[in-house]
2 protein chains.
Amino acid sequence: MRVVGKAGAMSPISIKDIARAAGVSHSTVSRALGDSSLVSAETKARIQRLAHDMGYSPDAQARSLVMGRTRTIGVVVTTIADPFIGEIVQAVESTANDHGYTVILVSSNAESDREIKAVEMLRSKRVDGVIVTSSRVGALYQDYLERLGVPVVLINSHSQQGGVYTFAVNVDNRHGGCLATEHLIQLGHRRIAYLTGPADHSDDLDRLAGYRQALAEAGVAFDPALVVQGTGRADGGKRALPVLRALQAPPTAVFCYNDVTAIGLMHAARQAGLSIPGDLAVVGFDDIPFASYIHPPLTTIAQPKLEMGKSAVAMMLALVSDRDRANATPLTRSGQTSAMPSRDIIVRGRLVARESSMGLHGGLAAN
Amino acid sequence: MRVVGKAGAMSPISIKDIARAAGVSHSTVSRALGDSSLVSAETKARIQRLAHDMGYSPDAQARSLVMGRTRTIGVVVTTIADPFIGEIVQAVESTANDHGYTVILVSSNAESDREIKAVEMLRSKRVDGVIVTSSRVGALYQDYLERLGVPVVLINSHSQQGGVYTFAVNVDNRHGGCLATEHLIQLGHRRIAYLTGPADHSDDLDRLAGYRQALAEAGVAFDPALVVQGTGRADGGKRALPVLRALQAPPTAVFCYNDVTAIGLMHAARQAGLSIPGDLAVVGFDDIPFASYIHPPLTTIAQPKLEMGKSAVAMMLALVSDRDRANATPLTRSGQTSAMPSRDIIVRGRLVARESSMGLHGGLAAN
DNA sequence: TTGTAAGCGTTATCAG
DNA sequence: CTGATAACGCTTACAA
């Protein structure tokens, strides 16, 4: 049974406390703890033991104050209660941790006042960099991010114009749109709708472009009536169904901006008595965890979320150490250095064919 | 067009810079910025203007160093790529932010080495408190948490024994288990299975207890064969199906530890050609966002996630300010103070009846 | 009302 | 190898 001692808010022990206990100066303790070669192996060992026994924990704030970096990155999301964002953040957080970095999480709910408040907070905390996920980064917001003076890496976010500090990791939306549409064409569909995400989202426009490209390559005429407005949320899919059915020549297949939209659409279709994929084949985008668990399992374009998170952190870290190195030689406008070959990383998604597009015994999956 | 100036890593401006520009001492600046009454309204305004114009941002670390608190809380989760946890964290993060607190997110993947690394990190960052979500807090882990010396609030987590600093917000699992089971009994089911979560999880045991209580109150005999082991993940539901079907007297309904398990079960059932709820009625627990979007929509016990997140933060903040106040009067073992009436908050879930238990025209939902 | 000085816990520079 | 000493940016007695 361990004696706990006074449970009150005792301030944690510092290197000075250890110094006193060890009969040395606090700088020697600092060196010993930092495994410096300027301390005799003997006293080093002694001090390290002592520090351990006394339950010493270095004060990251004090250290950061003098070191000029916090080993902390800010992660800004609209909401983490979104399965796709959740997976990205999970990847970001764990790779950051593996590299000794801590993550401060801020959610903005896509409200611009919260966004600027968030940035202000991160600035005060002196984060070494910021990663922004799945946001449409408006001009004002981007300006604030720029002024942070630290590297900013955008994941699947669109910014107005590239800024000095802004780098990005994006999925190849056009390619994904192509894959999805080609898949449906291959299954014999000719009237294929595209159910969009939120308006003015560049991801959405690129996926649409991929859709059109695939149609064109297959010699299928593009029909603007088949492009239906969604929201990027489940309700968008729900509300789109009646619109699709009201068309003179309704589609036999729908490519949706994302999985959540597709799920909303399928839900509504089912309630309307439509069979999927019999009456309507559906393809989503993202491959959220539940895509394979809904009924029918959703065909989708899988984004390599883990890879994207890792890449974003790697990019961030490269930028940070870059800046360290470049104290007298600041980043050039192009931001090119040996360690940082490019300011944009594009990763490709892959088609995950499931039953929502081809049924249990349909097309490619026949067995 | 704004001139950006040297893009290099210029250190941000400090109160000394402002002091120099304003022709006053840095302490006057500090006071002015802190809106102290010890500065003439005139100079105060002048300094505040200046600070704004110069783009000043206070250094939270320096401030924390002298103030002794960081206004930062650590949030530890197993993984945020879990819809339930995601929603809790969302609630925690936004309420914390509303109160001027920043959230450091750490995910442990339920690996004990990561858990202790996480705690060590939070300690170094000098967080004012820690909130732990949905973990089985093992003895070792809890010991580490205790030694942090800051308040710890557990959300839906079970700890071995209450420690000095450990407080909790929990859903009433027994009550939830009761609700779910009563619902199935009311629909006429008598052979009702319980599909468990991960082994040795107290949540699971309490839900089981609620299940048994409801059975007993309805005069239905408890059959141990109907308690089938799951994992808390979708695969648990999947693997449980054959076990359930192999029983001499298979159940007509299943209450699952959580929604994810229920979804895995329903998925498997569907592939096996069973109809839900016709062949098997299913009830989950949590009410994750997708519960209403799967097919059939899942009947479940909704946890008040927003309320739980808010309560946890409120509790945390109360504990923190408590400790502030109690510099000379440390917390007693009971931790009772005026502001903190109880060390445990229990919230009740509510039944959300959907089609997985009663079909479109079944029971209560008939219209 | 303002300035001076000390101190928070570190690291780093410079003598010894 | 080790110890003073300064510095990081801030708050806060204590003096003026």
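Residues numbered from 1 in each chain as written. Chains lettered and ligands numbered in written order. Predicted model: local features only at pLDDT ≥ 70, side-chain atom pairs only at ≥ 80, totals over all residues. Heavy atoms only, no water.

### Details of the pattern of salt bridges
Cut-off, in case you're wondering: Any Lys or Arg side-chain nitrogen found within 4 Å of a carboxyl oxygen on Asp or Glu counts as a salt bridge. The helix and strand labels rest on DSSP assignments: H or I over at least four residues marks a helix, E over at least two residues marks a strand, and numbering proceeds from the N terminus. For every residue, the accessible area obtained with a 1.4 Å probe (protein chains only) is divided by the maximum for its type, and the residue is called buried under 20%, exposed over 50%, and partly exposed between those limits.
Here the structure, examined in full by the defined rule, presents 29 salt bridges over all chains. For Glu 120 of chain A, the salt bridge goes to Arg 123 of chain A, with nearest N and O atoms at 3.5 Å. In this pair, Glu 120 of chain A and Arg 123 of chain A are both assigned in helix H6 (residues 112-124), three residues apart and thus about one turn of the helix distant. The exposure class assigned to Glu 120 of chain A is partly exposed, which follows from its relative accessible area of 29%. Linking Arg 348 of chain A and Asp 172 of chain A is a salt bridge whose minimum nitrogen-to-oxygen distance equals 3.7 Å. Of this pair, Arg 348 of chain A sits in the loop between strand E13 (344-347) and strand E14 (350-352) while Asp 172 of chain A sits in the loop between strand E7 (166-171) and helix H8 (173-186), and the two are 176 residues apart along the sequence. On the accessibility criterion, Asp 172 of chain A (18% relative accessible area) is buried. One connected set of salt bridges, linked through shared partners, spans Asp 98 of chain A together with Glu 111 and Arg 114 of chain B.

### Looking at the interface of chain A and chain B
Applied cut-off: For this analysis, residues touch if any pair of their heavy atoms sits within 4.5 Å. Accessible surface is computed with a 1.4 Å probe, and the buried area is the amount of it that two parts give up when combined, taken over both parts together. Identification of polar contacts relies on pairs of N or O atoms within 3.5 Å, with a donor-acceptor requirement for protein atoms, meaning one able to donate a hydrogen and the other able to accept it, and with residues adjacent in sequence counted only if both atoms are side-chain atoms.
The partner chain B presents 70 residues to the 70 residues of chain A that form the contact. Taken over both partners, the interface formed by chain A and chain B buries close to 6,000 Å², and the fraction arising from carbon and sulfur atoms is 54%. Ranking the residues of chain A by area buried against chain B places Gln 61, Phe 290 and Tyr 293 of chain A at the top, with a combined share of 12%. The tally of links from chain A across to chain B stands at four salt bridges. Here Arg 114 of chain A makes a salt bridge to Asp 98 of chain B, at a shortest N to O gap of 2.8 Å. Here chain A and chain B share 28 residue pairs in polar contact (both at pLDDT 80 or more) between them. Elements supplying a minimum of two residues to the side of chain A that touches chain B: helix H4 (60-67), helix H5 (83-98), strand E2 (102-107), H6, helix H7 (139-147), helix H10 (234-245) and helix H11 (259-271) of chain A.

### Brief notes about the protein's contact with DNA strand C
Rule in force here: Whether a residue is near a molecule or strand depends on its heavy atoms: it is near if one of them lies within 4 Å of it. Residue polarity is assigned by list, with Asp, Glu, Lys and Arg as charged and Ala, Val, Leu, Ile, Met, Phe, Trp, Tyr, Cys and Pro as nonpolar; anything else, Gly included, falls into the polar class.
Residues in contact with DNA strand C amount to 27 residues; listed here are only the nearest, Ser 30 and Arg 63 of chain A together with Ser 27, Thr 28 and Arg 31 of chain B. For DNA strand C, a base oxygen lies 3.1 Å from a polar atom in the side chain of His 26 of chain A. Arg 31 of chain B has a polar side-chain atom sitting 2.6 Å from a base nitrogen of DNA strand C. When contributions to the surface near DNA strand C are tallied by element, the ones reaching two or more residues are helix H1 (15-22), helix H2 (26-33) and H4 of chain A together with helix H2 (26-33) and helix H4 (60-67) of chain B. Class assignment for the residues of the surface near DNA strand C results in 11 nonpolar, 11 polar and five charged.

### Observations concerning unusual backbone geometry
All names here are of chain A. Going from His 295 to Pro 296, the amide bond is cis rather than trans, its omega being -10°. The residue Pro 296 is located in the loop between strand E11 (281-286) and strand E12 (299-302) in this model. One non-glycine residue with positive phi stands out, namely Asn 156, at about 45°.

### Notes on the relation of the copies chain A and chain B
Applied cut-off: The least-squares superposition of copies is restricted to C-alpha atoms, and to residues with a pLDDT of at least 70 in both copies.
Each copy superposes on the other: chain A lies on chain B with an RMSD of 0.1 Å after a rotation of 180° and an axial shift of 0.0 Å. Here the transformation between the copies is reduced to the relation of a two-fold axis. Judged by C-alpha distance, Ile 104 of chain A is the residue of chain A that lies nearest the rotation axis, at 2.2 Å. When the interface residues of chain A are mapped onto chain B, 100% of them again lie at the interface, so the same face is used by both copies.

### Re the protein's contact with DNA strand D
Taken together, 25 residues lie near DNA strand D, and Thr 28 and Arg 31 of chain A together with Ile 15, Ser 30 and Tyr 56 of chain B sit nearest. Per the 4 Å cut-off to the protein, sugar and phosphate atoms form 61% of the nearby atoms of DNA strand D. Backbone polar atom of Asp 59 of chain B to a phosphate oxygen of DNA strand D: 3.2 Å apart, as the coordinates give it. When contributions to the surface near DNA strand D are tallied by element, the ones reaching two or more residues are H2 and H4 of chain A together with H2 and H4 of chain B. Class assignment for the residues of the surface near DNA strand D results in 11 nonpolar, 10 polar and four charged.

### Structural notes on the nonpolar core
Going by this rule: Here, nonpolar core means buried Ala, Val, Leu, Ile, Met, Phe, Trp, Tyr and Cys residues that are tied together by side-chain atoms lying within 4.5 Å of each other.
Residues Ile 131 of chain A together with Ile 131 of chain B are the most contacted members of the largest nonpolar core, which totals 144 residues. Not counting residues within four places of it along the chain, the set of residues in contact with Ile 131 of chain A comprises Ile 73, Gly 74, Val 75, Val 76, Val 92, Val 153, Ile 155, Ala 312, Val 313 and Met 316 of chain A. The next biggest cluster of nonpolar side chains, apart from the first, holds 34 residues, and it includes Val 106, Val 127 and Val 150 of chain A together with Val 132 of chain B.

### Some remarks on the packing of aromatic side chains
All names here are of chain A. Short version of the rule: Only Phe, Tyr and Trp rings take part, Trp by its six-membered ring, and two of them pair if their centres are within 6.5 Å. Stacked means planes under 30 degrees apart, edge-to-face means over 60, and tilted covers everything else.
According to the stated counting rule, one finds nine aromatic pairs over all chains in the structure shown. Ring plane angle 35° and centroid distance 5.7 Å describe the contact between Tyr 194 and Tyr 211, whose orientation is recorded as tilted. Separated by 17 residues along the polypeptide, Tyr 194 in strand E8 (residues 192-195) and Tyr 211 in helix H9 (residues 202-217) bring together distant segments of the chain. Here Tyr 194 matches Tyr 211 in class, with each residue buried.

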